[in-house]
Structures are given as C-alpha cells and as structure tokens.
Amino acid sequence: MIAVHSVFLKGGDRLSTMKDVARVAGVSIATVSRVLAGTAAVTDSTQKKVLAAMEELQYRTAAPVRPVIRKESQLTAVCMENLTSPYYIDLLRGYLMEMLGGSASLPPRRGRPAKPFYNFPVLSSAAAKAAPAHPVPGTQLDFAGGTNFRELGGYEADEGKHVKWGQIWRGIPTCKLTGEADRAKLDALGLRLILDLRSSGEVQKEPDYVPDGARLVQICGLCAEDGHEISFAPDDIAALMKGYEESADGSTFVQAMYERMLFGNKAFKELFRALEAGETPILFHCSAGKDRTGVAAMLILLALGASDETICADYERTNLCRKAEIDAVLAEHAEEIAANPACRMRYYRKAGVDPAAAPFVLRTVRAKYGSAENYLEAEYGLTPARLMRLRRMYLE
C-alpha cells in the first residue's frame, strides 16, 4: 500500500507530490512512500537520496504517514444533503478554512499581502469570474517612446504549462519612455526590480527612470574574462574576436559576443537570483532589447522548459518589433548593400537580430555541458530541485 500524503513547498505557489520527490531522487513513487512510512526495507543509500531530495526541496509532510498504513488516517468525512445550495456551499467553505488553518501564511514580502501555505480550491456560491484576456505571447506594449518592450508571459513551457503573465518583462531603457501615457503604462506594471544590462558608460548617458516601488540594479551583461565591461572600443573588439576569423557579414562577431555572455555572466546570475527570490514583476533590458536582453530571455525560457522553437521564435520577434528601425538602417546604406550584398546582414543586425544566433546559443550551451540542465546548474546553481521550484513559481 502506498501512503497517501501531501507536502508543501515553501516559497512556491502550489502543492507538491511524491512524484516530485521521486523525480529529484531518481527513484519510484512507491520507494518514496516506503521511506516516508518506514514500513518496508529500503537500502541506506536509497533512503539517503530520498531524504536529501526532500531536504533540498524543503518539503514537509502535511500529516504523519504511519496512521494511514494502520488505517488510522485521522481523515474527516463531511456528508451534506445538498451541495447545490449556497447555504451548504458556504458552510463547507467555512469548515475547510477552519480545518486548513485560514490564518496560516508566509511572512509578507516587502509589504505585500501574505500568501497562504495551501493552494486548495475554495468553494464559494459566488459566480466564477471570466479569465482575463491576453494578447498573443510576445506582443509588444504600445509605447510611444520605443519598441521591443514585451513579456515572456503566455509562452508554452515545461509539461505543457505556460509562463505566468505580467511577471517577466524584457524591454528597453525606461528613460526612453518620457511621455505621460508611457510613464503611466510603465508604472501600472507594478515592477519590483529593473535589471539594467548596459555598461556604465551607456547608463551615464541615459539613466533609467525608476517607478515607485521598484529598485534598480545595473550589471553589465557583456564583460571580458577579466571582468571589465566591453565598450566596443577597438581594443575590446580585438580581445572579443580572439580565436575567431572575421566574416564579411559580421556573423562571427555576434557569435563571439554571445558566447562570451553565456559563461561566468554576473548579470545573468543576478537575474536568476532575483527570479528565485520572487522579486517580480521584473524588467531586464539593454540598449535596444535585442542582444544582451535577447540572450537573457533565451536562458529564462530554457530554464522554464520551453522548446527550442519557442525560444528561437521569441528571439526573432525582435525583428518584427523593430521593423521600422531595421528598414531605416537598410535604406540608409542601400547603395553600399547594392554594391556588396554580403554586407546586408551586417547592417540588418545593427537594428535587428540574426535568426541564426539563437540556435547557435543553444548549440553552444549543450556542446560545452552536454545538456541545458547541466549548464543551468553549473552556471546559475539551478539544481534539479531549484529548477523545479523555479518552474512552479512561474508556470501555470
């Protein structure tokens, strides 16, 4: 007999099950049940793996398991003659709230309302509210001051779930949003953290506007191996291109830049730290929301279990959002492009992105670490348990 019990994941929004513990420990659900119940022989090594997985996930059983085995489960049955009556529904609701402990909650986060420990559906006689309407995933916000400001909400990810709306935004410097309507729309996002991926020089020229309730963190998203910010000065470009042969279309420069961002990136480590800590809604951005921001968005979607197709589609959507800017650059250099078509992509990338860059990022990650999961754990400390918790936090 498998013991039936529930466990709670601290800091998450959903109940967890023995399946999650078994997945992290690499054992069957029945084995997890036997370890928790202590009713059957389990090897010491297996028991240690299960207990280590539970400890890493910070699981706590909601009730003792042994009484279930002994048929003394302490479960309570409630019989009612009519569950269609609002009176009985409200009565049952009150009973459930009393049994579950309606006052049990997590400590408030930065003055926000406390979250309940449980995530059981609450019965009510009130009519259910209609689900809010959302745009197509990747649709940019209509700001007068700039383009390519959008969110990751709505994208399909792990186990067919979708990224929660309104939590993870990718965009542009907020200083560009100077109009009253733009500022009102930005303020309405309720941002708690803005992560500026630009260099110090870029920030000094155009410092961010910070809405009330948000805090600003600036960490350059592109640094050399010795830690200094890459400013695209000739010496920096030469150092970045070391080991690469320059191509006519400039693709090798983009590859060198993106590969440098993938490893030992303090800005991206801060991004994942903030996500794990629940500092959302969050906005991360660079100067145009396409390269440093684009790679960061790819890694978040990768961590949430999105498919390669979804990751690449979001990256390429920059070209749709910035079509006007791309067309302007190509028109400005039309004569040069006509004389030498090979340079077209070089100019295209000044305002847009190369669709081939996203698959390059995914190949590079897997080539060095063998899998995306190994990469996420090595670079950002996202162990299987922490990765599972991150997905519970941002998928629905």
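Residues numbered from 1 in each chain as written. Predicted model: local features only at pLDDT ≥ 70, side-chain atom pairs only at ≥ 80, totals over all residues. Heavy atoms only, no water.

Two numbers describe how helix H10 (residues 266–277) lies on helix H11 (residues 292–303): the axes approach to 11 Å, and their chain directions differ by 45 degrees. For the element pair H10 / H11, the angle class is oblique. In the crossing of H10 with H11, the sense of the turn from one axis to the other is right-handed. Each of Phe268, Leu271, Phe272 and Leu275 in H10 lies in contact with H11, whose residues at this interface are Arg292, Val295, Ala296, Leu299, Ile300 and Ala303. (Axes fitted to C-alpha atoms, helices over the stretch in contact; angles between N-to-C directions. Helix = DSSP H or I, 4+ residues; strand = E, 2+ residues; numbered from the N terminus. Parallel < 35°, antiparallel > 145°, perpendicular 65-115°, else oblique. Left-handed = near helix turned anticlockwise from the far one by under 90°. Contact = heavy atoms within 4.5 Å.)

Within the fold, Pro281 resides in the loop between H10 and strand S8 (282–285). On the accessibility criterion, Pro281 (7% relative accessible area) is buried. Between the alpha carbons of Pro281 and Gly166 there is a distance of 6.5 Å; along the sequence they are 115 residues apart. (Buried < 20%, exposed > 50% of the residue type's maximum accessible area, 1.4 Å probe, protein only.)

With that settled, consider the packing of aromatic side chains. Under the definition given, this model contains eight aromatic pairs. Through pairs of rings, three or more aromatic residues link up here, namely Phe263, Phe272, Tyr369, Tyr375 and Tyr380. One Lys or Arg, Lys185, reaches over the ring of Phe143 and ends 5.6 Å from the middle of that ring. One cation-aromatic arrangement involves Lys368 over Phe263; the distance from NZ or CZ to the ring centre is 4.2 Å. (Phe/Tyr/Trp six-rings, centres within 6.5 Å; stacked < 30°, edge-to-face > 60°. Lys NZ or Arg CZ within 6 Å of the ring centre and 35° of its normal.)

For the rest of this paragraph, the subject is the confidence of the model for the chain. Scored by pLDDT, the chain comes out at a mean of 84, with 77% of its residues at no less than 70. When the criterion is pLDDT under 50, residues 101–123 qualifies, and its contacts beyond four places in sequence or with other chains add up to 40 contacts. (pLDDT = per-residue confidence, 0-100.)

What follows concerns the sheet that holds strand S4 (residues 150–151). Read across the open sheet, the five strands follow the order S4-S5-S8-S6-S7; overall the sheet is mixed. Edge positions in the sheet fall to S4 and strand S7 (215–218), since each of these pairs with one other strand and no more. (Pairing = 2+ DSSP bridges.)

With that settled, consider the nonpolar core. Ranked by internal contacts, the top residues of the largest apolar core, which has 61 residues, are Tyr258 and Phe272. Other than its neighbours up to four places away in sequence, Tyr258 contacts Lys290, Asp291, Val295, Tyr315, Ala357, Phe360 and Val361. Within the second largest apolar cluster, 14 residues are counted, among which are Val32, Ala53, Met54 and Tyr59. (Core = buried A, V, L, I, M, F, W, Y, C linked by side-chain atoms within 4.5 Å.)

Bringing the packing of helix H9 (residues 251–262) against H11 into the picture now. The N-to-C vectors of H9 and H11 enclose an angle of 50 degrees; their axes lie 11 Å apart at closest approach. With respect to H11, the element H9 is oriented oblique. The two elements H9 and H11 cross, and the hand of that crossing is right-handed. Each of Tyr258, Met261 and Leu262 in H9 lies in contact with H11, whose residues at this interface are Arg292, Val295 and Leu299. Classifying every residue of the contact of H9 with H11 gives five nonpolar, no polar and one charged. (Nonpolar A, V, L, I, M, F, W, Y, C, P; charged D, E, K, R; others polar.)

Attention shifts here to unusual backbone geometry. The omega torsion across Thr280 and Pro281 is 5 degrees, close enough to zero to call that bond cis. Here the phi dihedral of Asn148 falls at roughly 75 degrees; this positive angle occurs in a residue that is not glycine. Secondary-structure assignment places Asn148 in the loop between helix H5 (86–100) and S4. Residue Asn148 is classed as buried on the basis of its relative accessible area of 0%. Not every positive phi belongs to a glycine, and Glu159 is a case in point at roughly 55 degrees. Positionally, Glu159 belongs in the loop between S4 and strand S5 (168–171).

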